[in-house]
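# Descriptive analysis of the structure
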Amino acid sequence: MDLQQLRYVVAVAETRSFTRAAERCFVVQSALSHQVARLERELGIRLFARTSRRVELTQAGEAFLPAARESLACADRAVTEAAAATGEVRGRLTVGVIPTVAAVDIPDLFKDVRDRHPRVRIALQTGASDTLTARVAAGDLDAAFLGLPEGVLPRGVQVRELARDRSVAVLPDDHPLAGQSLIPLARLAEETFADFPTGSPGRAQSDMAFAAAGLQREVAFEASAVELLLRLVRRGLAVTLLPRMFARPAGPGLVTVPVTDGPRRVEYLVWSDFNPTPALRAFLEVLDRHAPRTAADGAQ
């Protein structure tokens, strides 16, 4: 059994196709099939049940797959650590971001990482702050940029505070309140809202502000995509609240107005200090050039 055979098994398991697995591994299908069959003979078990149209893991294959993935990860880590010992940083870096991250210019940061460490492969994934935090704690992501209501801290991860911000009202440019210099939260509560889904950290920022003021509002439209929220506002169907640093400029057909006692949020970077990779350590060093440290940094 060798590492290449394990890579082939994982590729077939993930694609459920010998053809697609061969394409992923940049090898002809006959060679990949031969190596998988050779491994099955060596083990004395069938890893896949297959016909000309269908490929599935057997029960033995299901049991074999997690350890195969772990072995490949360990092999990659060995290469990465050996390279780091000679001063070269390599490996994969997977970073999660919320759609409204504003404290750091993410593309600029990634370009700086790539320029300094060209052998590091960066992957970007988006999601909600609570989901991203859980994935970092579980080891599925190396790091993540979050936005949480003021007073709510990420748990189970290392935390670095990046910025604090207050939300502003985003209105269509022909809205009666568009010319105001400041909108009371009580007046804004009379409007129909578009907002993030119920239960999400993005939504919690606004809900907590209205609850603290003893106000109720109507949220008629829920969406995870910021662009959809803005399109709803642009059409005059609703207003929304977004972090000031992210919302300005709001774009054509929209205006932003500060809100009295508006929602506040804190942006964080989170990561796990359990066995950090050289790529993650290099990423954190590069981040120092893009974001100042605060007294709130530390483990939570």
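See the structure shown above.
## Focus: the overall build of the protein
Assigned secondary structure in the protein consists of 11 helices and 13 strands. Rg of the C-alpha trace for the protein: 24 Å, well past the compact-globule value of 19 Å for 300 residues, more than 25% over. Overall, the protein is about 75 × 45 × 30 Å in size when its C-alpha atoms are taken along their principal axes. A buried classification covers 45% of the 300 residues belonging to the protein. Put simply, the protein shows about 15,400 Å² of open surface, and 51% of that area lies on carbon and sulfur atoms.

## Quick word on the state of the cysteines
All chains considered together, the criterion is met by zero disulfides. Cys74 takes part in no disulfide bond, and the closest cysteine sulfur to it belongs to Cys25, at a distance of 19 Å.

## Details of the pattern of salt bridges
In this structure the tally under the stated criterion is 18 salt bridges. Across the pair Arg24 and Glu14 runs a salt bridge whose closest N-O atoms are separated by 2.5 Å. Within this pair, whereas Arg24 is found in helix 2 (residues 18-25), its partner Glu14 is found in helix 1 (residues 3-15), the two being separated by 10 residues in sequence. Looking at Arg24, the relative accessible area reads 43%, which means it is partly exposed. A relative accessible area of 41% places Glu14 in the partly exposed class.

## Quick look at helix 3 (residues 29-43)
Three or four residues apart is the spacing at which side chains of an α-helix point the same way, because the helix has 3.6 residues per turn. With 15 residues, helix 3 should reach 21 Å at 1.5 Å per residue; the first-to-last C-alpha distance of 21 Å fits that figure. Residues of helix 3 that are buried include every one of Leu32, Gln35, Val36, Leu39 and Glu40, and no others. End-on, the buried residues of helix 3 take up no more than an arc of 140°, which puts them together on one face. Across from the buried face of helix 3, at angles greater than 90 degrees, the exposed residues are Ser30 and Arg41. Positive phi appears at Gly44, one or two residues downstream of helix 3, with a value of about 80°.

## Considering the environment of Leu215
Along the polypeptide, Leu215 turns up in the loop between helix 8 (201-212) and strand 9 (218-222). Classification of Leu215 by relative accessible area gives partly exposed; the value is 23%. When the C-alpha positions of Leu215 and Asp165 are compared, they lie 21 Å apart, and in sequence the two are 50 residues distant. Beyond its immediate chain neighbours, meaning those up to four positions away, Leu215 contacts Leu185, Ala186, Ala189 and Phe210.

## Here's the deal with the packing of aromatic side chains
What describes a pair of aromatic rings is the distance from one ring centre to the other and the angle between the planes of the rings. Inspection of the entire model under this criterion finds three aromatic pairs. Ring centres of Phe145 and Phe283 lie 6.4 Å apart, and the angle between their planes is 80°; this geometry places the pair in the edge-to-face category. With Phe145 in strand 5 (residues 143-149) and Phe283 in helix 11 (residues 278-287), this pair connects stretches of sequence that are 138 residues apart. Phe145 gets classed as buried once you look at its relative accessible area, which sits at 0%. Ring centres of Phe193 and Phe210 lie 5.6 Å apart, and the angle between their planes is 80°; on these two criteria the pair is classed as edge-to-face. Taken together, the residues span a long stretch of sequence, with Phe193 in strand 8 (residues 192-195) and Phe210 in helix 8 at a distance of 17 residues. One Lys or Arg, Arg217, reaches over the ring of Phe193 and ends 4.7 Å from the middle of that ring.

## Describing the nonpolar core
Val104, Leu109, Phe145, Leu269, Val270 and Phe283 are the most contacted members of the largest nonpolar core, which has 36 residues in total. Going through the elements one at a time, strand 3 (90-97), helix 5 (106-116), helix 6 (129-138), strand 5, strand 6 (158-172), strand 12 (264-271) and helix 11 are the ones with two or more residues in this core. It is helix 11 that provides the largest number of residues to this core, a total of seven residues. With sequence-adjacent residues up to four places away left out, Leu109 is seen in contact with Val104, Phe145, Phe283, Val286, Leu287 and His290. With 21 residues, the next largest nonpolar core counts Val9, Ala21, Leu57 and Leu72 among its residues.

Basis of the calculations
Residues numbered from 1 in each chain as written. Predicted model: local features only at pLDDT ≥ 70, side-chain atom pairs only at ≥ 80, totals over all residues. Heavy atoms only, no water. Helix = DSSP H or I, 4+ residues; strand = E, 2+ residues; numbered from the N terminus. Rg over C-alpha atoms; globule rule 2.2 N^0.38 Å. Buried < 20%, exposed > 50% of the residue type's maximum accessible area, 1.4 Å probe, protein only. Areas by Shrake-Rupley, 256 points an atom, 1.4 Å probe, with all protein chains shown as cover. Disulfide = S-S within 2.5 Å. Salt bridge = Lys/Arg side-chain N within 4 Å of Asp/Glu carboxyl O. Expected span 1.5 Å × (residues − 1). Arc of directions from axis to C-beta. Contact = heavy atoms within 4.5 Å. Phe/Tyr/Trp six-rings, centres within 6.5 Å; stacked < 30°, edge-to-face > 60°. Lys NZ or Arg CZ within 6 Å of the ring centre and 35° of its normal. Core = buried A, V, L, I, M, F, W, Y, C linked by side-chain atoms within 4.5 Å.

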